[in-house]
Amino acid sequence: MNNDVILKVDGLKTYFNTDDGIVKAVDGVSFELKKGETLGLVGESGSGKSVSNLSIMKLIPSPPGKIMAGTAIIDGKEDIFTMTEAQIRELRGNRIAMIFQDPMTSLNPFLRISTQMIETLVLHQNMSKKEALVKSIDMLELVGIPHPDKRVHDYPHQFSGGMRQRVMIAMALSCDPEILIADEPTSALDVTIQAQILELIQSLSKRLGTAVIMITHDLDVVAGMCDTVIVMYAGRIVEKGTNDEIFDDPKHPYTRGLIKSVPRLDRPAAGRLFSIEGQPPNVIDLPACCPFHPRCGEVMAKCKNITPGVTKLENGREVRCFLYEGDK
Ligand code: SF4
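Cut-offs applied
- Residues numbered from 1 in each chain as written.
- Predicted model: local features only at pLDDT ≥ 70, side-chain atom pairs only at ≥ 80, totals over all residues.
- Heavy atoms only, no water.
- Domains from an automatic or database assignment.
- Contact = heavy atoms within 4.5 Å.
- Buried area = accessible area lost by both parts, 1.4 Å probe.
- Polar contact = N/O pair within 3.5 Å; in protein donor to acceptor, adjacent residues only side chain to side chain.
- Helix = DSSP H or I, 4+ residues; strand = E, 2+ residues; numbered from the N terminus.
- Nonpolar A, V, L, I, M, F, W, Y, C, P; charged D, E, K, R; others polar.
- Pairing = 2+ DSSP bridges.
- Axes fitted to C-alpha atoms, helices over the stretch in contact; angles between N-to-C directions.

### Digging into the domain arrangement of the protein chain
Part 1: Each assigned domain of the protein chain is listed here: domain 1 (5-95 + 177-264 + 274-324) and domain 2 (106-176).
Part 2: One C-alpha centre belongs to domain 1, the other to domain 2, and the line joining them spans 30 Å.
Part 3: Counting from both sides, the interface comprises 19 residues of domain 1 and, opposite them, 13 residues of domain 2.
Part 4: Across the domain 1/domain 2 interface, buried area totals approximately 1,300 Å², and carbon plus sulfur atoms make up 67% of it.
Part 5: The tally of links between domain 1 and domain 2 comes to four residue pairs in polar contact (both at pLDDT 80 or more).
Part 6: Going through the elements one at a time, helix H2 (85-94) and helix H7 (191-208) are the ones with two or more residues in the side of domain 1 that touches domain 2.
Part 7: For the side of domain 1 that touches domain 2, the element with the highest residue contribution is H7, accounting for eight residues.
Part 8: Its residues assigned to classes, the side of domain 1 that touches domain 2 shows 10 nonpolar, four polar and five charged.

### Remarks on the sheet that holds strand S5 (residues 78-79)
Part 1: Across the sheet, four strands lie side by side as S2-S1-S4-S5; this open sheet has antiparallel pairing. Each of the sheet's edge strands pairs with one partner strand only, and the pair in question is strand S2 (21-34) and S5.
Part 2: Judged from the eight bridges that link them, strand S1 (residues 5-18) and strand S4 (residues 65-74) form a sheet pairing that is antiparallel. Within S4, the residue paired with Phe16 across the bridge is Gly65.
Part 3: In this fold helix H1 (residues 49-56) packs onto S1, S2 and S4, with an angle of close to 110° to the strand it touches most, S1.

Next up, the structure:
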């Protein structure tokens, strides 16, 4: 494995057993994350992007969920899926940290920020309480909280939504993780605060050398921010490329539709904004086909009966669509 690769996910399959059948939420996902890289994972709800990352953190509720196949090798050595509970606890927070759309998922409303940050640092970094308080204040300052020495003793409800998100980022990065997984971190914030939080994540990851997986349904969020973009649909990766490749020359009809549906200030308004017709498929007992075919403007006969494989294009770019079969 390339020495720069911090995480290599290969053939991940995560299924859920339901009364209606087996939901193949993630069905054969493979990707690599390099040290310090920002990777965007984009798709509609139910595309499998969040389940992929919850699988990597071994946070899939079981039952009904189960990781059926695949490996997730961290740092070229250990497979996360075969780690013991104690190793996983050590991994979470210390080596891989997560931030969510709602900061209250991570913050305890009844405890002061100082108590929560100190507890994390004492547990994961073997610090004394005094050292942990100093580090907590430093981290709050780093994420732009004014008067961090005073605000560290506040409760979560005393912060605005944007400031709470900054506190959560400070907590997540306090143990110097190698990987930060950000799951829709700005979806609940208004647009100006959203831009500030994305800028903050980007500048901190560059400064601290943290690799970031940015999960979002909004292609606009990853534009310009991510080095690599992965587009998911119905539990599979349908396109993978660099930020420029995906935005300048999208290949898969679904990616093209997503890009067309993003409002752009630099283009003249021409009537209604484009939207992809139809709904994502039910991933229970999906027959052999391209799952995007009912919504695809370029559908061919074979798209309805055969599942397209991955076509590798130049520079390691990948697309899962019959339109590119035979291309190199
Ligand atoms: Fe469209 Fe066929 Fe490509 Fe699927 S495989 S995206 S249906 S052209």
